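The chain contents come next:
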Amino acid sequence: MVHKLNVQNVSYSYHTIEGETAALSDISFTADTGEFIAVVGPSGCGKSTLLSLLSGLARPESGFVLIDGKPAELAKEAIGYMLQKDHLFEWRSILSNAALGLEIQKRLDADSRFRLVQMLKTYGLDQFQDKHPSQLSGGMRQRAALIRTLALNPDLLLLDEPFSALDYQTRLSVCDDISSIIRDTKKTAVLVTHDLSEAISVADRVIILSSRPASVKKIITLSFPPASSQSSGLEHSNVLSPMERRNAPEFSYYFNLIWKELKSDASSSHYAEKS
Ligand code: ADP
Ligand code: MG
């Protein structure tokens, strides 16, 4: 079977005048359609580097990244890449910011503009479409950035700490929103985060990376009971929402498991530094 995303034995180093920085070492994993993968690891270990390779913006030194069986750099149309900063342009209105990706790809027409306005409605931004980014809250801006990414209708979403600039409460609700959008539209998503709770509340699998150069320490498949039928009505409703997961008994079990993995790495690198 061809995986939506197939990462095999990927290594990568940066070469600068100061020398070589090994960032990724022999990373392998796959993701299938509709799967939500979270990637966690110590700060500076190579998480953003990994996403830039998945997006096809950088190429692996060895190994390969395939999307639908094609090299990532040939599959750009299938990829939506959302960064930590929302990168909205202040001189553009929210509508024209959300339209930017379509505009660049020369896909902005009456039809796609109509769908964009519908999306702004769905995500509660229709009242704000003529406003400028500084007139919106952080959560709204992040939603506008997500709409800009989703408007291109990518199959594979790459999210690099997209909620980290938000305050805690907004983060919880935007994370809830975004994960149900991704599940409803059956996207495949790779979310990089340093927040374990975030990873456990949204993902099907959590990939734990070691400190730099990042290698895969462990891949943990999360299993939560299905949501009760009372809360059903929507298609994704047999899956617990992020908020419901946070209250489930499995949550703290997974938190401890992943925390221990990350901690064991931190102490071993500390030890290595000392010795
Ligand atoms: P993370 O996202 O996990 O915090 P990054 O992927 O951003 O980590 O960085 C991994 C390592 O690669 C870091 O040591 C960082 O300093 C280095 N690095 C990142 N980008 C560059 C670059 N453009 N040139 C040289 N080194 C870089
Ligand atoms: Mg990063």
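Just so you know, these numbers come straight off a predicted model, no measurement behind them.

Novice: Can you walk me through the nonpolar core in this structure?
Specialist: When a protein is soluble and globular, its nonpolar side chains tend to lie buried together. The biggest cluster of nonpolar side chains holds 34 residues, and the ones touching the most others in it are Leu116, Leu125, Ile147, Leu150, Phe163 and Ile182. Looking at this core, the elements that each hand over two or more residues are helix 2 (94-98), helix 4 (110-122), helix 5 (138-150), strand 7 (156-160), helix 6 (168-184) and strand 8 (188-192). If one sorts the elements of this core by residue count, helix 5 sits on top with 6 residues. With sequence-adjacent residues up to four places away left out, Leu116 is seen in contact with Leu95, Ala98, Ala99, Leu102, Ile147 and Ala151. Leu5, Val65, Ala75 and Ile79 belong to the second-largest nonpolar core, a separate cluster that totals 30 residues.

Novice: Looking at this structure, how should I read the pattern of salt bridges?
Specialist: Where charged atoms of side chains with opposite charge meet at close range, the side chains can pair. Taken as a whole, this structure holds 10 salt bridges when the rule is applied. Two residues, Glu73 and Arg59, come together in a salt bridge whose shortest N-O distance is 3.3 Å. Taken together, the residues Glu73 in the loop between strand 5 (70-71) and strand 6 (79-82) and Arg59 in the loop between helix 1 (47-54) and strand 4 (62-67) connect sequence positions 14 residues apart. The exposure class of Arg59 is exposed, given its relative accessible area of 55%. The partner of Glu261 in a salt bridge is Lys217, and the shortest N-O contact between them spans 3.8 Å. One end of the pair, Glu261, is in helix 9 (residues 249-274); the other, Lys217, is in strand 10 (residues 216-221), with 44 residues separating them in the sequence. According to the relative accessible area criterion, Lys217 is partly exposed, its value standing at 29%. If you follow the salt bridges from partner to partner, you end up with Lys4, Asp68 and Asp155 in one network.

Novice: What am I meant to see in the packing of helix 5 against helix 6 here?
Specialist: How two helices pack is summed up by the angle between their axes together with the distance between the axes. It is at 10 Å that the axes of helix 5 and helix 6 come closest, and there the two elements cross at 20 degrees. Classified by the interaxial angle, the pair formed by helix 5 and helix 6 is roughly parallel. The way helix 5 lies across helix 6 gives a crossing that is right-handed. Contact residues: helix 5 offers Gly139, Arg143, Leu146 and Leu150, while helix 6 offers Thr170, Val174, Asp177, Ile178 and Ile181. Here the residues of the contact of helix 5 with helix 6 are counted per class, giving 5 nonpolar, 2 polar and 2 charged.

Novice: Whenever I open this one, helix 6 confuses me. Can you help?
Specialist: Within an α-helix, residues lying three or four positions from one another point in the same direction, as the helix has 3.6 residues per turn. For helix 6, which comprises 17 residues, the first-to-last C-alpha distance of 24 Å matches the rise-based estimate of 24 Å (1.5 Å per residue) to within 8%. For helix 6, the secondary structure elements touched by its buried residues are strand 3 (36-40), helix 5, strand 7, strand 8, helix 7 (196-202) and helix 8 (242-247). One or two positions beyond helix 6, positive phi appears at Lys186, with a value near 55 degrees.

Definitions and limits used
Residues numbered from 1 in each chain as written. Chains lettered and ligands numbered in written order. Predicted model: local features only at pLDDT ≥ 70, side-chain atom pairs only at ≥ 80, totals over all residues. Heavy atoms only, no water. Core = buried A, V, L, I, M, F, W, Y, C linked by side-chain atoms within 4.5 Å. Buried < 20%, exposed > 50% of the residue type's maximum accessible area, 1.4 Å probe, protein only. Helix = DSSP H or I, 4+ residues; strand = E, 2+ residues; numbered from the N terminus. Contact = heavy atoms within 4.5 Å. Salt bridge = Lys/Arg side-chain N within 4 Å of Asp/Glu carboxyl O. Axes fitted to C-alpha atoms, helices over the stretch in contact; angles between N-to-C directions. Parallel < 35°, antiparallel > 145°, perpendicular 65-115°, else oblique. Left-handed = near helix turned anticlockwise from the far one by under 90°. Nonpolar A, V, L, I, M, F, W, Y, C, P; charged D, E, K, R; others polar. Expected span 1.5 Å × (residues − 1).

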